[in-house]
Amino acid sequence: MRLFPIYTWNKGIRNFEHRRRKFSHQPWAQGVILLACVVVAMLLANLPFTKEAYRSFLEMKFGLVFQPVGRDAVFFPKGMTVEAFINDVLMTIFFFTVGLEIRREMKNGELSSVKKALMPVIAAFGGVAMPAVIFTIVNHGSAAASGWGIPTATDIAFAVGILSVLGDKVPVSLKVFLTALAIADDLIAILVVALFYGGSINFGLLSIAVVLIIAIIVMNKLGEKRMISYIIPAIAIWVLFYYSGIHSTMSGVVMAFLIPMKSRYNEAYFRRKKDQYLARLDEYEAFSAEGEEFPNGPQRHCLRRLATISERSMPMNHMVEHALNPWVNFLIMPLFALANAGVEIPDLSYFNVFNFDPQLGSVSMGVFLGLVLGKPLGIFIASFIAVKLHAGEMPAKASWKMLFAVACLGGIGFTMSIFVDTLSFGEQAPEITAMLRNMGKVVVLMGSMCAAILGSVLISFIDKIEKKEAV
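Since this is a predicted model, take the numbers as computed values, not measurements.

(A) Local environment of the pattern of salt bridges. With the rule as written, the count across this model stands at ten salt bridges. Measuring nitrogen to oxygen at the nearest pair gives 3.4 Å for the salt bridge that ties Lys51 to Glu344. Taken together, the residues Lys51 in helix H3 (residues 51-58) and Glu344 in the loop between helix H13 (316-340) and helix H14 (363-388) connect sequence positions 293 residues apart. Between Glu267 and Arg271 there is a salt bridge, and its shortest N-O distance comes to 3.0 Å. Note that Glu267 and Arg271 are positioned in helix H11 (residues 267-283) at a spacing of four residues, about one turn of the helix. Judged by relative accessible area, which is 54%, Glu267 ranks as exposed. Residue Arg271 is classed as partly exposed on the basis of its relative accessible area of 43%. Beyond isolated ion pairs, a larger network of salt bridges with shared partners links Arg104, Glu105 and Glu321.

(B) Broad picture of the packing of aromatic side chains. Applying the stated rule across the entire model yields 14 aromatic pairs. Measuring from ring centre to ring centre gives 5.6 Å for Phe380 and Trp400, while their planes differ by 75°; the resulting arrangement is edge-to-face. Within this pair, whereas Phe380 is found in helix H14, its partner Trp400 is found in helix H15 (residues 400-408), the two being separated by 20 residues in sequence. Note on Trp400: relative accessible area 26%, which makes it partly exposed.

(C) Structural view of the environment of Leu206. Positionally, Leu206 belongs in helix H8 (residues 203-221). For the pair formed by Leu206 and Met319, sequence separation is 113 residues and the distance between their alpha carbons is 29 Å. Sequence-distant contacts of Leu206, that is, excluding residues within four places in its chain, are made with Ile201, Ser244 and Ile246.

(D) Here's a closer look at the environment of Leu278. Structurally, Leu278 can be placed in helix H11. As for Leu278 and Leu306, which are separated by 28 residues in sequence, their C-alpha atoms are 8.5 Å apart.

(E) Quick peek at the side chain of Gln299. Structurally, Gln299 can be placed in helix H12 (residues 297-312). Using a relative accessible area of 1% as the deciding quantity, one classes Gln299 as buried. What Gln299 contacts, discounting residues up to four positions off in sequence, is Leu281, Tyr284, Glu285, Ser288 and Phe294.

(F) Quick peek at helix H6 (residues 156-166). Of all eleven residues that make up H6, eight are buried, and the element is covered over most of its length. Listed in full, the buried residues belonging to H6 are Ile156, Ala157, Phe158, Ala159, Gly161, Ile162, Leu163 and Leu166. A distance of 3.1 Å separates the backbone nitrogen of Phe158 from a side-chain oxygen at the start of H6, and that oxygen is part of Asp155.

Parameters at a glance
- Residues numbered from 1 in each chain as written.
- Predicted model: local features only at pLDDT ≥ 70, side-chain atom pairs only at ≥ 80, totals over all residues.
- Heavy atoms only, no water.
- Salt bridge = Lys/Arg side-chain N within 4 Å of Asp/Glu carboxyl O.
- Helix = DSSP H or I, 4+ residues; strand = E, 2+ residues; numbered from the N terminus.
- Buried < 20%, exposed > 50% of the residue type's maximum accessible area, 1.4 Å probe, protein only.
- Phe/Tyr/Trp six-rings, centres within 6.5 Å; stacked < 30°, edge-to-face > 60°.
- Contact = heavy atoms within 4.5 Å.
- Polar contact = N/O pair within 3.5 Å; in protein donor to acceptor, adjacent residues only side chain to side chain.

The structure is reproduced here in structure tokens:
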């Protein structure tokens, strides 16, 4: 009877762990958690008894402290707060995994050949250019003009998550098309951030970073496959980027393209060692004491060696991506949402999408029209031109109507759009910068939600029409 509570407790833990794993493997799980974090962040930023503590926590200094005798404390990295730590350090890991995904797709996936890549890449360029043009037309000559990059990004997690919920209403070819488009879109967004949203560049530090990158390339070519040999230079490159004026998160993308794509052990070595240790497992059976269950001590050593050899026979980039994905999806991205979606809303004018000021412009109008109108139009028009000029192939079993509906989901900006927003408007007075960024974040959430609803409704409606026409 005494064991019953312990058994019940253990069973409950096992059931919880099973449900957690089942939930985390759902394609929409990350989107649900991010939405929950957005709601929590908005509440923390606006409730009178939490907003001061929320803002104070994000502005708290963070980093290593050095205090020489008789001098003030010095923080390393300089100017690092909790919010900056999330945006500059943790988001570097996010960009690193994005870079690994892009590289994998370029090697073996939907971007691995010109024929496969051309259509989604052309569509991605259209989906970036059209929102940027719309935003620029709305805000030309105003204080908000530098925010043109905000509505250009597509959030792959939300877009793919919604497609998975819609099930067989969308042809598989269009799901692949949107996924490849979002990956190409991420690459373009990375270039936009690197080229247009950095600070003044310290070319001395940047030159040191370039030399270090060349050294890593040489090390890679020489066949170095130990993880520690890449982790230490990666930290050094991050520091050099952080102080050189190029946004530090770009160091994550650079390192993603330098990680070896070959395994430490080749197939012949793995098979030889596997056969050796499997044979030893049988030999070591004799070392078992009477009544001792498998595995005994020597057998456990064999199994550990087998596990190590199996792990090192996987490509390093695959191992790293597989290990980091759960942390990025269920820790780093929720923290990013908690830190950046918490916008203090002083009045309802923040929700007025079509409010326009001659001097400040209208971040809201530019972002909203860019996401909801510019993204689908840009993707659709670019795809149409590519097909008509025979530069790309129409996704199999897909109609133009359904392609436009799926293109609407490209207007879900969220993560990358909010990230670009945090880098925009820095040339303005601090209070104007804060106001414009807050407006941008609010309308990114509104525009992404409208794009998600519009795309989902159109897909369901077109699916019904096409099924009736097929009868």
